[in-house]
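Close look at the chain arrangement
Residues per chain are reported as follows:
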Amino acid sequence: MGVSLNALLLQGPDLANNLIGVLLRFRTEKVALQGDIESMFYQVKVPLKDRNLLRFLWWPNGDMNSEPEVYRMTVHIFGATSSPSVCNFALRQTAQNYGNQFEPQVAETILNNIYVDDCLVSTESDEKAISLVDGVRSLCTKGGFNMTKWTSTSSTVVKSIPDKSRTKNTNQLDFENESSIERALGVSCKGHGINIFTYCYG
């Protein structure tokens, strides 16, 4: 009747980190790390009382002439006006609830170095990078989030990460070639050697 679902949902506060800030902090130290929260929105449940707001129709076997079945989403979805704010809140609350069980940089990484579901952070050494990856993965797990698809500018760090938690193309990375190109948040980064990416450009 001319009214969309998104027109009726509250957007909530913008809790996303500033993209430029995330990218600048990403380049401050020697060893770069990049990870991704697996299906982030789907990890956050919709309260039972709110699920009628996420009803949708489904025609079995694609038969549009049959009566549609009515379903309700139990998790947040991409495209809903409210999802980014709600899911960012859940992630930040995870860091605040459990951050004191880890080194300070772990919670700080989740609070300051994640843009939507992408984590971009750098550390001064391989040892600190390895510890940070382990801490961020463990803290996220406490909130029901799985931080995966890890990669790094350091082959030592990449080798320390379980295969299932690495990005798929780690075996194709050229750690010796400073002219190789990688991408981070849609930005191309040149130089995948032991030093941080030489420069980034849109």
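Data block above holds the structure.
Bear in mind that the values here come from a model prediction, so they are computed numbers and not experimental data. (Residues numbered from 1 in each chain as written. Predicted model: local features only at pLDDT ≥ 70, side-chain atom pairs only at ≥ 80, totals over all residues. Heavy atoms only, no water.)

In this model helix α5 (residues 126-142) runs 25 Å from its N-terminal to its C-terminal C-alpha over 17 residues, within 8% of the 24 Å that 1.5 Å per residue would give. All of the buried residues in α5 are D126, A129, L132, V133, G135, V136, L139 and C140. The elements touched by buried residues of α5 are β1 (31-37), α3 (83-98), α4 (104-112), β5 (118-123), β6 (147-152) and α6 (155-160). A positive backbone phi angle near 85 degrees is found at G144, which sits one or two residues after α5. (Helix = DSSP H or I, 4+ residues; strand = E, 2+ residues; numbered from the N terminus. Expected span 1.5 Å × (residues − 1). Buried < 20%, exposed > 50% of the residue type's maximum accessible area, 1.4 Å probe, protein only. Contact = heavy atoms within 4.5 Å.)

With that out of the way, let us pick up the packing of α3 against α5. Running from N to C, α3 and α5 point in directions that differ by 105 degrees, and their axes come no closer than 9 Å. Considering their axes alone, α3 and α5 lie roughly perpendicular with respect to each other. Across from L91, T94, A95 and Y98 in α3, the residues of α5 making contact are L139, C140 and K142. Of the residues that constitute the contact of α3 with α5, the class distribution is five nonpolar, one polar and one charged. (Axes fitted to C-alpha atoms, helices over the stretch in contact; angles between N-to-C directions. Parallel < 35°, antiparallel > 145°, perpendicular 65-115°, else oblique. Nonpolar A, V, L, I, M, F, W, Y, C, P; charged D, E, K, R; others polar.)

So, on to the pattern of salt bridges. Per the stated rule, a full pass over the model turns up three salt bridges. Residue K49 pairs with D50 through a salt bridge whose shortest N-O separation is 3.5 Å. Among the residues examined, D50 registers a relative accessible area of 27% and is labelled partly exposed. Measuring nitrogen to oxygen at the nearest pair gives 3.0 Å for the salt bridge that ties K128 to E124. (Salt bridge = Lys/Arg side-chain N within 4 Å of Asp/Glu carboxyl O.)

That is the geometry; function is a separate question.
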